[in-house]
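# Summary of the model geometry
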There are 4 protein chains.
Amino acid sequence: MRLLFLGDVVGRSGREGVLRHLPGLRDRLKPDFIVVNGENAAGGFGITEKIAQEFFAAGVDCITLGNHSWDQKELVGQIDRIPNLIRPINYPEGTPGRGFTVLPAKNGRHKVLVINAMARVFMDPMDDPFAAADKVLKVHQLGGARMGPAGVDAVIMDFHGEATSEKMVMGHFLDGRASLVVGTHSHVPTADLQILNGGTAYQSDAGMCGDYDSVIGMKKDAAMWKMLRKIPGERFSPAENDATVTVCGVFVETDDRTGLARRAEAIRVGGRLKESVGV
Amino acid sequence: MRLLFLGDVVGRSGREGVLRHLPGLRDRLKPDFIVVNGENAAGGFGITEKIAQEFFAAGVDCITLGNHSWDQKELVGQIDRIPNLIRPINYPEGTPGRGFTVLPAKNGRHKVLVINAMARVFMDPMDDPFAAADKVLKVHQLGGARMGPAGVDAVIMDFHGEATSEKMVMGHFLDGRASLVVGTHSHVPTADLQILNGGTAYQSDAGMCGDYDSVIGMKKDAAMWKMLRKIPGERFSPAENDATVTVCGVFVETDDRTGLARRAEAIRVGGRLKESVGV
Amino acid sequence: MRLLFLGDVVGRSGREGVLRHLPGLRDRLKPDFIVVNGENAAGGFGITEKIAQEFFAAGVDCITLGNHSWDQKELVGQIDRIPNLIRPINYPEGTPGRGFTVLPAKNGRHKVLVINAMARVFMDPMDDPFAAADKVLKVHQLGGARMGPAGVDAVIMDFHGEATSEKMVMGHFLDGRASLVVGTHSHVPTADLQILNGGTAYQSDAGMCGDYDSVIGMKKDAAMWKMLRKIPGERFSPAENDATVTVCGVFVETDDRTGLARRAEAIRVGGRLKESVGV
Amino acid sequence: MRLLFLGDVVGRSGREGVLRHLPGLRDRLKPDFIVVNGENAAGGFGITEKIAQEFFAAGVDCITLGNHSWDQKELVGQIDRIPNLIRPINYPEGTPGRGFTVLPAKNGRHKVLVINAMARVFMDPMDDPFAAADKVLKVHQLGGARMGPAGVDAVIMDFHGEATSEKMVMGHFLDGRASLVVGTHSHVPTADLQILNGGTAYQSDAGMCGDYDSVIGMKKDAAMWKMLRKIPGERFSPAENDATVTVCGVFVETDDRTGLARRAEAIRVGGRLKESVGV
Ligand SMILES: [Fe+2]
Ligand SMILES: [Fe+2]
Ligand SMILES: [Fe+2]
Ligand SMILES: [Fe+2]
Ligand SMILES: [Fe+2]
Ligand SMILES: [Fe+2]
Ligand SMILES: [Fe+2]
Ligand SMILES: [Fe+2]
């Protein structure tokens, strides 16, 4: 199977970047399944149902979220009816939406488990993401139908977090049980993509899909003012220069039998970051 | 000028990786100046005078530190006599050592200002790194002798920090005034190297020089135990598999007149991260 | 019932303060049940089985812990055989020891539920303390035998945390379901003891049992050096001036039928803090 | 001299509590100087010029702030013309307002130095509060005219912070150089008032002037929802039950010659916290 994961989409410029580059990426990579982290898609803060539908229409199979899940408050009431939009699994019990989902691949034959979890170091208090992931993976095991009716052909973990140490622990913790463990939230792609010893592709952060002539996707002036001056300034809003938008993510080709990674390529297209296109 | 910066060297395996790859890098890149972040060089915790001398003997021109500066306590009494080993500038007044230095390039003709500063988001309380950098750069201006006797031909800022937002703010804050602003501390190379609008090369993190089959350079088992179990386990020690050691950093070629970046290349050699060698 | 809770005992001077003042407190208050937080009893860091036995011999019925639970590593292997020494309930599943216990009161007729939980704001990542407490309290309900065989006559929650906001949320969350919700960890007694609307006695922090001519019970010089100088200094060790040791806690008298608080008094004896003795 | 300090005033109910109780406190304590922390006076968030004037009209001599200084944005442009409203001293250089002030006492004969500083542990990045205080106290020394024309008769430090350890370090750091070091920000009064070895009165937190049937002065429901549910809820607003408003602070009587504390009393009036009135 061929899996494409794109990191946090930031604002209008990020969304348009994704929509502009996705056809080319689909042509070239022929992904069987596409995941996008959408926690910053709506003006930098959360996502709306309408934006989610635009992603789905463009071929995205699943959207994940993060600490900005509820910035657009209406989503709280809507998320339960959007089956392929998931939020981090380790929110308190009773939180609307779900933290993982099993969805069909584009080829109709394969099943993909996507888990979204929030890291905890330097982040809000949340339940144990490792225990939560473990519990799901005991039910939905990688290896397809061989693993029983709940078996899945690919597992993608979007681990939304700050600290590289915690992300690597998740990588090793799921090594051999997931096709891809990829971080989000830092809004910067890392260059540490590797296939871990057990066969899981791992990258500490997918990077954002947004304007990199910015401060993590937001306009520089407001972000600099706030950090340098510490007095109120302009509201934060996404940087909007299309020429410096890069679409960032990870592409993984799995072994159809094991569901583990055979090949992995960083994806960076557009803008002024060094281009990287899996072939 | 040609500048080479290498990120946090972690433990014995990281040091040997640097010493093993540095001759090749010097051959290929012909750097006029080499900086290495050494805060984790001694068993993962701090640096000793002896290790510093080994780096200098291998051609390193300047060593920078970070939050682990004083993990080897003897350094407190030694640092004042090691002129090209600097510690973050924003420690309290009266802290041994210095936070910036102006050193001659290998070619004997050029002067390089190196500043080391600690970020504050998710880090220890420290004085304002932006104000501290600003003060130094008002004295030692980029542009060489044209800028007076304190003028310098290149400026390298090692900004040791956690949050990508704060690192980007530093990049933009020094844009046009530094040759290179590069982050350290996350131990993961980022793939966001770019030349900012004002001519400063910027990468959020250089990445570590160490074993990437690890948790930020430390042995996986101890790090995973601590995070997953929260009961005492093995002491942390550096991962030591030479086959998975990658030497990570950034190479910048500056315009000799302005001192700004003309070209920048990520450096990743050895191990299993995707190789990147500036030409 | 008459309940006495004493906050974090710090080091030799704190232990001796408790042993010195406990007979007088027992005479005056005639407590039916005594809880002590012991997380700093052994040289400021954790507790040993021997120290725990000394507390039990002095009439302490239950010992609670906190973020320093495992500073004395041997306790990991011992805690399972010390039934009235509990650790925070929201450690990961599989952690040795237990997070709550039901113990007989001194009068032999009543049962007391003690829960120990760790707060999360500005603390280590832990599971949800509110959900954990809720689960226990659904089984062991306040109100004695009327509530079935698992009913208890008093409920004491030691909520070990930093942020006053989180502690107050726990107070209100358990209001009407606990006899006493009391914070620990800040090592400073708060003067906000009150009986909440639902009948639960609440104080944000019990305060430490230790030397208040100190920095949270530790010798001033080392603590000041570390914070002011940020270079290595003396090891931290407990302050040891017996003349400035205050034993701090809370005394609660409950209604025997409901188990809720009828009267509550702050306890501060010895040293130079303003004395407060329940009558 | 007789000094009265009142902690963070929260919202309408807190302001009215202060205005209601201040006449009685003035009658009883006959303070020569009154300081109030006003960072939460305007609906819980910041302060307006109008509210400041109400406090001044009621006899308050100086208002201090904290991390909420600029929640009412207009204050940024107004603070420079309100000489006895100060903000934390360790904001970046160039921040409007000032971080300390020397004001006449009500008796017309004495001068009082008030410093407001922000702590850094678990708080926003700020410059070194210890160095900043030290610098001021080298100019304005306690001891009155004997210390030269810049000498002052009393020194009050409002140290706005979270961690008790950092507050105690400030207490000891200024011991012998200040009349009173008192913490604010936790919104809970501590019961650790003492006169330190060098003669400085110290209390870790003054406590808020506000409704204690709340979560740090805010309505319980919204605060509990946010912490327990982590989905959007009601906006935070101050709790407004006048019957549970307590006015909290510290009263210090100094030696007129040395300016050091001769006597100190916790102040808690109204509501359901245990009353404490200095005589
Ligand atoms: Fe994001
Ligand atoms: Fe995020
Ligand atoms: Fe490092
Ligand atoms: Fe570091
Ligand atoms: Fe403690
Ligand atoms: Fe603690
Ligand atoms: Fe406040
Ligand atoms: Fe505050």
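Predicted model only: the values in this text are computed from it and were never measured. (Residues numbered from 1 in each chain as written. Chains lettered and ligands numbered in written order. Predicted model: local features only at pLDDT ≥ 70, side-chain atom pairs only at ≥ 80, totals over all residues. Heavy atoms only, no water.)

Let's shift gears to the interface of chain C and chain D. Think of interface size as the accessible area that goes away when the parts come together; that is how it is often given. Contacts between the two partners involve 41 residues from chain C and, on the opposite side, 41 residues from chain D. Together chain C and chain D conceal approximately 3,600 Å² of surface at their shared face, both sides included; 64% is due to carbon and sulfur atoms. The largest share of the area that chain C buries against chain D comes from His172, Ala191 and Met227 of chain C, three residues that together contribute 16% of it. Applying the counting criterion to the chain C and chain D interface returns 2 salt bridges. A salt bridge links Lys274 of chain D to Glu265 of chain C, with the nearest nitrogen and oxygen atoms 3.9 Å apart. Listed by contribution, the elements that provide at least two residues to the side of chain C that touches chain D are α5 (164–173), β8 (194–195), α6 (220–229) and β12 (261–269) of chain C. Counting residues per element, the side of chain C that touches chain D draws most heavily on α5 of chain C, which supplies 7 residues. Looking at the side of chain C that touches chain D residue by residue, the classes come out as 21 nonpolar, 9 polar and 11 charged. (Contact = heavy atoms within 4.5 Å. Buried area = accessible area lost by both parts, 1.4 Å probe. Salt bridge = Lys/Arg side-chain N within 4 Å of Asp/Glu carboxyl O. Helix = DSSP H or I, 4+ residues; strand = E, 2+ residues; numbered from the N terminus. Nonpolar A, V, L, I, M, F, W, Y, C, P; charged D, E, K, R; others polar.)

Tallied over the entire structure, the rule returns 6 cavities of 30 Å³ or more. Its boundaries defined by the atoms lining it, the largest cavity holds a volume of some 140 Å³. Every residue lining the largest cavity is counted, 15 residues in all, and those nearest its centre are Thr164 and Ser186 of chain C together with Glu162, Thr164 and Ser186 of chain D. Among the elements of the structure, α5 of chain C together with α5 (164–173) of chain D are those that each provide at least two residues to the lining of the largest cavity. In this structure, the second largest cavity spans a volume of roughly 120 Å³. In terms of lining, the second largest cavity is formed by 16 residues, of which the most central are Thr164 and Ser186 of chain A together with Thr164, Ser186 and Thr190 of chain B. Grouping the constituent residues of the lining of the second largest cavity by class yields 2 nonpolar, 8 polar and 6 charged. (1 Å grid on protein atoms, 1.4 Å probe; cavity = no way out; pocket = protein on both sides within 12 Å on 5 of 7 lines; lining within 4 Å. Points joined across faces, edges and corners; volume = space filled by probe spheres on them.)

Each copy superposes on the other: chain C lies on chain D with an RMSD of 0.0 Å after a rotation of 180 degrees and an axial shift of 0.0 Å. The two molecules are tied by a two-fold rotation axis, judged by turn and shift. Identified as the residue of chain C closest to the rotation axis by C-alpha distance is Thr190 of chain C, at 2.0 Å. Both copies contact each other with a shared surface, as 100% of the interface residues of chain C are interface residues in chain D too. (Least-squares fit on C-alpha atoms with pLDDT ≥ 70 in both.)

This next bit is on helix α2 (residues 49–57) of chain D. All names here are of chain D. Those residues of α2 that sit buried are Glu49, Ile51, Ala52, Phe55 and Phe56. For α2, the arc enclosing every buried residue in end-on projection is 160 degrees, short of the 170-degree limit, so these residues lie on one face. Residues of α2 that are exposed and point more than 90 degrees away from the buried face comprise Lys50 and Ala57. As for α2, its buried residues are in contact with α1 (11–29), β3 (62–64) and α3 (75–78). (Buried < 20%, exposed > 50% of the residue type's maximum accessible area, 1.4 Å probe, protein only. Arc of directions from axis to C-beta.)

All names here are of chain A. Pairing within the open sheet is mixed, and its 6 strands lie in the order β4-β5-β6-β7-β9-β8. Of all the strands in the sheet, just β4 (100–104) and β8 (194–195) have a single pairing partner and so form its edges. Strand direction decides the pairing type here: strand β7 (residues 180–184) and strand β9 (residues 201–203), joined by 3 bridges, are parallel. Within β9, the position partnered with Val181 by the bridge is Tyr202. Taken strand by strand, helix α4 (residues 129–139) contacts β4, β5 (111–118) and β6 (154–160), and its axis lies near 165 degrees from that of β5. (Pairing = 2+ DSSP bridges. Axes fitted to C-alpha atoms, helices over the stretch in contact; angles between N-to-C directions.)

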